[in-house]
Each structure stands twice: as structure tokens, then as C-alpha cells.
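# Structural overview for review
Here is what each chain is made of, one letter per residue.
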Amino acid sequence: MERVFRLHVLASGSSGNASIVEDTNTGKGVLIDCGISKRAFLEGCAATGFDPSGLEAVVVTHEHADHVKGLGVVMRGLSKLGHRPPLYAPAACVSASKALSDLGSDFEMRSFSDADQISAAGMSIHPFRTAHDAAASFGFRFECGGDALGFATDTGMVSPQVREALGDVRILGLEANHGLKMLDAADYPAYVKSRIASDRGHLNNDQSASALRTLLCPRLEAVAALHVSENANTYRAAREALSGVVQQEGHHASVQVGYQRRPILVG
Ligand SMILES: [Zn+2]
Ligand SMILES: [Zn+2]
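Report on the accompanying structure. Keep in mind the model is a prediction, meaning the values are calculated, not measured.

About the criteria used
- Residues numbered from 1 in each chain as written.
- Chains lettered and ligands numbered in written order.
- Predicted model: local features only at pLDDT ≥ 70, side-chain atom pairs only at ≥ 80, totals over all residues.
- Heavy atoms only, no water.
- Donors = N, O, S within 2.8 Å, 3.2 Å for Na, K, Ca; no water.
- Helix = DSSP H or I, 4+ residues; strand = E, 2+ residues; numbered from the N terminus.
- Buried < 20%, exposed > 50% of the residue type's maximum accessible area, 1.4 Å probe, protein only.
- Disulfide = S-S within 2.5 Å.
- Core = buried A, V, L, I, M, F, W, Y, C linked by side-chain atoms within 4.5 Å.
- Contact = heavy atoms within 4.5 Å.
- Pairing = 2+ DSSP bridges.

## Considering the coordination of the zinc ion (ligand 2)
The zinc ion (ligand 2) binds to the protein through His 62 (NE2), His 64 (ND1), His 132 (NE2) and Asp 154 (OD); the donor distances cover 2.1 to 2.6 Å. Each donor residue of the zinc ion (ligand 2) lies on one chain, and together they are spaced H-x1-H-x67-H-x21-D. The zinc ion (ligand 1) is placed at 3.4 Å from the zinc ion (ligand 2), the two being bridged by Asp 154. Of this pair, His 132 sits in the loop between β8 (123–129) and β9 (138–144) while Asp 154 sits in the loop between β10 (147–152) and α6 (160–165), and the two are 22 residues apart along the sequence. Residue class for His 132 comes out buried when judged on its relative accessible area of 1%.

Here it is, written out as C-alpha cells:
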């Protein structure tokens, strides 16, 4: 089995998201979303050992602020260093987001749909639709040299298409946003709670665990629980929901959790 990828989760959660999929043979990588400051981005890269000059593309899951609000400062910062990776974003998200459409005047912007395959950093990237209350929303499957990595956050449910896209991967980043009881007890207005819990909101720990049960395969080595809510979950509960499945099934995969303020390296 080829081990090509590493996943750098620089930040994950409702205050800001940014992850990098790196080809460890070349040091090249693709940034997924950037809802964090330039400083947090650069410190995160330094902490997990990614050289930002290796970024060859940026892919955007959807237009919510926690995924795009740092794109401008980070892209301009990279540009000053002579790096101008193209930005791939769903067309509907660009139309719906000033932050994204403004970037189109300064940077090379390419749209994609779930029928497309993106080629960047020597990887092929397959976008797939997720179920979320954005203009459009996507997860990604990365493939390179026989290795595969699946990434899905901000989805209220795991559709058959999502399940298929995340199947037979070695590294899996999967949303475990909230615990149902913790969401119930959280200090949010009722409409926000029902939005989060809906089929177009976020995956809870139990949904994430049941999805993982169906995704366990011999190739799977590393799982990261992502987009964990600081108000309606704990890092421990999210990690235990997924590691519980791995233990019950006697599987060998390791389980980590992505933090809002502590970068991690997966795989
Ligand atoms: Zn989000
Ligand atoms: Zn979102």
C-alpha cells in the first residue's frame, strides 16, 4: 500500500477551518478552506511541518464565513511571496459570497461541480455534494499514487453518495460536530439548534460514528473527528464516539480529533 498523503488540520470548528492535504513525496499540497487568520495559518503550517510555498491549489467546500473569511489575507500573503495558487470554488458559492467574488478580481478562480475532477499538486481531487444550508456544499476525495484520503465536514447527513466517496480511503477526516444532549443544553436560540441538528446542518457524534462503522475497511489507518463544536460537544466525546466504533469492530485505525486552536497532523 502506498502512503502518499498527510492531512494537516490547522484549525477545525465553527470559528474557523483550514486543512492541507500534502503529498509527502513532493511537499506539495492543497489547502481546503481558509477561515483563519494569516498568522494562525502560518503558525499552523510551521507547527505541523508544511512549507506554504508548496501550496498548488485551494479548494473551497462552501461559502460560510468559518471556511472563507481568511482566504483573502492568506492568498495575498502568499502572493507577496510569489505564490499564486488557483482557487477552486463552487460557482453558486461565489455568487452568494462577497468574500469569494471579490477574490475573483485578484486571483485565478475556477468553479467546479460534482461531475468534475480537479488536478492539482499531482493529485486528483473528486468533489462530492454534502447536505448543508449553503448555496452549495462539497466534500473531497483525494487520490494520488495509489493512496486515498476522504474529507467531509458541514453535512447534516451522510448520503449514499457521500458514503461512496469516502469509501476505501487510508485517511478519513469526518465531521463530528455536536452531541445531541449537549446541543440541547447549549446556549443557542431554538432555531439555531434545529438548524444544526437538521439534515442540512451538521453531523452529530452518533451519526458520525454510524457512518464510520460502514466506512471501516482494511486500508483505513487514520481517522480525524472534525468541525467539533466548542459549545455543543467536547473534543473527548467526539474522539470517543469514533474510537468506540474502531474498538468495537477490532479495527486497527487510529482516531484523532481536530481542534479549533491546536494544529494536528493526521496520517
Ligand atoms: Zn463550518
Ligand atoms: Zn457551514
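Moving on, there is more to tell.
## Focus on the state of the cysteines
In the structure shown here, the tally under the stated rule is zero disulfides. Between Cys 93, a cysteine without a disulfide, and Cys 34, which holds the nearest cysteine sulfur, the sulfur-to-sulfur distance is 16 Å. According to the relative accessible area criterion, Cys 93 is buried, its value standing at 0%. Here Cys 217 stays unpaired: no disulfide links it, and the sulfur of Cys 144, its closest cysteine neighbor, is 18 Å away.

## Quick word on the nonpolar core
When a protein is soluble and globular, its nonpolar side chains tend to lie buried together. By size, the foremost hydrophobic cluster in this structure holds 84 residues, and its most contacted members are Phe 41 and Phe 142. With residues up to four places along the chain from it excluded, the contact list for Phe 41 reads Leu 10, Ile 20, Leu 31, Cys 34, Ile 36, Pro 52, Leu 55 and Val 74. Formed by five residues, the second largest nonpolar core is a distinct cluster that contains Leu 183, Ala 186, Val 192 and Ala 232.

## Side note on the pairing of strand β2 (residues 18–23)
Successive side chains on a regular strand alternate, one facing one side of the sheet and the next facing the other. With six of six residues buried, β2 is to be regarded as a mostly interior element. Along β2, one buried face is formed by Ala 18, Ile 20 and Glu 22 and the opposite face, lined by Ser 19, Val 21 and Asp 23, is buried too. Bridging between strand β1 (residues 5–11) and β2 involves six bridges; their strand directions are antiparallel. Paired with Phe 5 across the strands is Asp 23, a residue of β2. Both β2 and strand β3 (residues 28–32) contribute to a ladder of five bridges, which runs antiparallel. When the bridges of β3 are listed, Ser 19 appears paired with Ile 32. In this antiparallel pair of consecutive strands, β2 and β3, the connection spans four residues, and Gly 27 shows a positive phi of 75 degrees.

Function-wise, these values are silent; they only describe arrangement.
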